[in-house]
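Residue-level structure breakdown
Spelled out from the first residue to the last, the chains are:
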Amino acid sequence: MVKSVIKAGHPADEILKTADEEDVDMIIIGSKGKRMSHIFMGSVSREVVNRAEVPVFVIKERVSH
């Protein structure tokens, strides 16, 4: 099942708290990060990946030319 939730607060904290509350199997998150040194992840997606207790699937923003 897929469920969308809207909450206020620090994004990474709220994503991780909600994942725990909802007992999710996986977190899917988008990333707009463009820095090579951080494997193209933005700060929120990087923090979620580093702190999550479940698998995290990061989807990079598609750049159109």
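The structure we're discussing is the one just above.
Residues numbered from 1 in each chain as written. Predicted model: local features only at pLDDT ≥ 70, side-chain atom pairs only at ≥ 80, totals over all residues. Heavy atoms only, no water.

**Focus on a negative patch on the surface**
Quick reminder of the rule: Only residues whose relative accessible area exceeds 30% and that take part in no salt bridge are eligible for patches, with like-charged residues grouped when within 9 Å of each other and nonpolar side chains (Val, Leu, Ile, Met, Phe, Trp, Tyr) grouped when within 5 Å. For the accessible areas, the method is Shrake-Rupley and the probe is 1.4 Å, while residue cover comes only from the protein chains on display. Counted as salt bridges are all cases of a side-chain nitrogen of Lys or Arg within 4 Å of a carboxyl oxygen of Asp or Glu. Only four residue types enter the charge count: Lys and Arg as positive, Asp and Glu as negative, with His and the chain ends excluded. To locate a charge, take atom NZ for lysine, CZ for arginine, CG for aspartate or CD for glutamate. Under the scheme applied here, a residue whose accessible area is under 20% of the maximum for its type counts as buried, over 50% as exposed, and between as partly exposed, the area being computed with a 1.4 Å probe on protein chains only.
There is a patch of like negative charges on the surface, built from Asp-20, Asp-23, Asp-25 and Glu-53. Overall, the relative accessible area of 68% leaves Asp-25 in the exposed class.

**Focus: helix H2 (residues 43–51)**
Condition: Here a strand is any run of E in DSSP of at least two residues, a helix any run of H or I of at least four, and the numbering for each starts at the N terminus. The arc under discussion is defined with respect to the helix axis, by the directions toward the C-beta atoms. Should any heavy atoms of two residues lie within 4.5 Å, those residues are counted as being in contact.
Burial in H2 covers these residues: Ser-45, Arg-46 and Val-48. Buried residues of H2, viewed axially, fall in a sector of 165 degrees; they line one side. The exposed set on the far side of H2, more than 90 degrees from its buried face, consists of Ser-43 and Asn-50. Tucked into the core, H2 has its buried residues touching helix H1 (11–21), strand S1 (27–31) and strand S2 (56–60).

**Digging into a nonpolar patch on the surface**
A surface patch of nonpolar side chains, about 410 Å² in accessible area, is lined by Met-26, Ile-28, Phe-57 and Ile-59. Along the chain, Ile-28 falls in strand S1. Residue Ile-28 is classed as exposed on the basis of its relative accessible area of 57%.

**Digging into the packing of H1 against H2**
Note the following rule: As a rule, the C-alpha atoms of each element are fitted with a line to give its axis, helices using only the stretch in contact, and angles between N-to-C directions run from 0 to 180 degrees. Angle categories: roughly parallel below 35 degrees, roughly antiparallel above 145, roughly perpendicular from 65 to 115, and oblique for all the rest. By the definition used in this description, the sense in which the near helix is turned from the far one sets the handedness, with an anticlockwise turn below a right angle giving left-handed and a clockwise turn giving right-handed. Under the convention adopted here, Pro, Cys and the residues Ala, Val, Leu, Ile, Met, Phe, Trp and Tyr are nonpolar, Asp, Glu, Lys and Arg are charged, and Gly plus all remaining residues are polar.
One can describe the packing of H1 onto H2 by two numbers: an axis separation of 9 Å at closest approach and a directional angle of 40 degrees. Considered as vectors, H1 and H2 are oriented oblique to each other. The handedness of the crossing between H1 and H2 is right-handed. Where H1 abuts H2, its residues Pro-11, Ala-12, Asp-13, Ile-15 and Leu-16 lie against Val-44, Glu-47, Val-48 and Arg-51. For the contact of H1 with H2, the per-class residue count stands at 6 nonpolar, no polar and 3 charged.

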